[in-house]
Amino acid sequence: MSDTLEIQPRAQAADADSSQPGVHAPPLFSSTPAAVDWSTPAPPHPGLSGALRARLQREFLPRWTHAWGGRFFADGRMPGPDAIRLDGNDYLSISGHPQIIAAQIEALRHYASFISQSSIFQKATQPSARLEAELARWLEAPDAVLCQSGYAANLGLLQVIAEPGSPVYIDALAHMSLWEGVRAAGACARPFRHNSPEHLARCIRAHGPGLVVVDAVYSTTGALCPLAEIVEVAERGGCMIVVDESHSLGTHGPQGRGLCVALGLSHRVHFITASLAKAFAGRAGFFTLPRELRPYLMVSSFPNVFSSCLAPYEVIGLQATLEVVQGADALRQRLSALTADLRRHLTSLRYPVEQGSEQIIALEAGPEPATLALRDQLEARGVFGAVFCAPATTRDRAMVRLTLSAGLTDPEMQRLKDVFTEIAPSVQPWNWPIARRQRLHRKEADTV
């Protein structure tokens, strides 16, 4: 078996039009994951259209061969038993908590005859309604709607509340699901500079009232939103505001209630959304809303209408998780301390991490080949982050994203510091494009 790229001549691919019955073009490439047994012949397949094959040749194969070296970008080493995992989102290290597992097991026994159906048919007596009410009270909101994921929550909410053709002022680093929600609504995306209330104000003056969309903590860089200033600008411009708390819920604020509550802004923010696959370590999402909007939204939000609801064991597990998260102040304090400690060490070694401040740390090496080389250096030493590249980032701003958790031990933290110290001379973070830009910005600021 080979895990190399097999590229057929362009003329051969163009001549073999797989859209015609009985005509099959040869494969453009083959990727062989180590865990898959490819000894059994693949079943017959009608093949790809000529147009799709041409698009693969044009848009993907150069990236596969040159930037990724003929292997999928996420196919690094397999973590060993002593690996330090910084590639997940369980910030409080509560996955497998006995209270959560016990609640899920009991729910599996009790709801053995559960009927899977669209969430719009769920009754007020079912577990999902109780969890929605608890989440709304926790975030000081009138109501909440449970969704299949954070992506579905953002897409479904924005599809309903953004007016077709109206401006949606969205932070340039906002999560892709928020951008897709704007597109689904047929609204006009008006991106503003990341974390810049001043630029947002200028955009609103130019294009009029609409909807402002931000993340509380940005998922690629760990930057904290200047939320109080953003809310003030939105209010002055007559805009509604959506805040995605996916990476701040559970980790920020009293009882982990997020940035809006922590800053006393919950009564001024129209909609809060969040994934429950981060600090909650589950599989769901939700958004808050005024009660008057719920009936309209439940028949207009496509993810809610056309997807099956969560299973009772998932919902009841999330209810138990909410209790665990509320009582996890010590874990939040440890996560904050570990984050500050590692960021200080990286900064002392001239890793350019100043674009963020929270538990997500971006090592932005720049082009994809340089990022994969950084990943390989870390994994060779047992440190595993997550490679982020297009479409999660722009093509020339790929990164290894590190996500810290409260479960990291002191010896593991020391080992992390030692690894980053060891590889610094070879990866030269001070020469990364973002480091050069940061030096330029500081120089310009000093001359003003």
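Please refer to the structure higher up on the page.
Right, let's walk through the structure included here. (Residues numbered from 1 in each chain as written. Predicted model: local features only at pLDDT ≥ 70, side-chain atom pairs only at ≥ 80, totals over all residues. Heavy atoms only, no water.)

Points about the packing of helix α3 (residues 98-110) against helix α12 (residues 312-326)
Piece 1. Direction vectors running N to C along α3 and α12 enclose 155°, while the axes themselves pass 8 Å from each other. In this view, α3 runs roughly antiparallel relative to α12, as classed from their interaxial angle. At the point where α3 passes α12, the crossing takes the right-handed sense. Along the contact surface, α3 presents Gln99, Ile100, Ala103, Gln104, Ala107 and Leu108, while α12 presents Pro312, Tyr313, Ile316, Gly317, Ala320, Thr321, Glu323 and Val324. (Axes fitted to C-alpha atoms, helices over the stretch in contact; angles between N-to-C directions. Helix = DSSP H or I, 4+ residues; strand = E, 2+ residues; numbered from the N terminus. Parallel < 35°, antiparallel > 145°, perpendicular 65-115°, else oblique. Left-handed = near helix turned anticlockwise from the far one by under 90°. Contact = heavy atoms within 4.5 Å.)

Focus: the nonpolar core
Piece 1. Core analysis: the biggest nonpolar cluster contains 52 residues, and Leu146, Val212, Val214, Leu227 and Phe286 have the highest contact counts within it.
Piece 2. With seven residues, the single largest contributor to this core is α12.
Piece 3. Dropping the residues within four chain positions of it, Leu146 is found in contact with Ser128, Leu131, Glu132, Leu135, Leu276, Ala284, Gly285, Phe286, Asn304, Leu310 and Val315.
Piece 4. Ranked by size, the runner-up nonpolar core spans 33 residues in total, among them Ile84, Leu342, Leu374 and Met413. (Core = buried A, V, L, I, M, F, W, Y, C linked by side-chain atoms within 4.5 Å. Buried < 20%, exposed > 50% of the residue type's maximum accessible area, 1.4 Å probe, protein only.)

Details of a positive patch on the surface
Piece 1. On the surface, Arg193, Arg202, Arg205 and Arg236 cluster together to form a positively charged patch.
Piece 2. Classification of Arg202 as partly exposed rests on a relative accessible area of 40%. (Patch = residues over 30% accessible without salt bridge, like charges linked within 9 Å, V, L, I, M, F, W, Y side chains within 5 Å. Areas by Shrake-Rupley, 256 points an atom, 1.4 Å probe, with all protein chains shown as cover. Salt bridge = Lys/Arg side-chain N within 4 Å of Asp/Glu carboxyl O. Lys, Arg positive; Asp, Glu negative; His and termini not counted. Charge placed at Lys NZ, Arg CZ, Asp CG, Glu CD.)

Re the packing of aromatic side chains
Piece 1. Taken as a whole and judged by the stated rule, the model has ten aromatic pairs.
Piece 2. Considering the side-chain rings of Phe302 and Phe306, the 5.6 Å spacing of their centres and the 75° angle between planes classify their relative orientation as edge-to-face. Within this pair, Phe302 and its partner Phe306 are both found in helix α11 (residues 302-306), separated by four residues, close to a single helical turn.
Piece 3. Aromatic rings pair up to connect Phe60, Trp64, Trp68, Phe72 and Phe73 into one cluster. (Phe/Tyr/Trp six-rings, centres within 6.5 Å; stacked < 30°, edge-to-face > 60°.)

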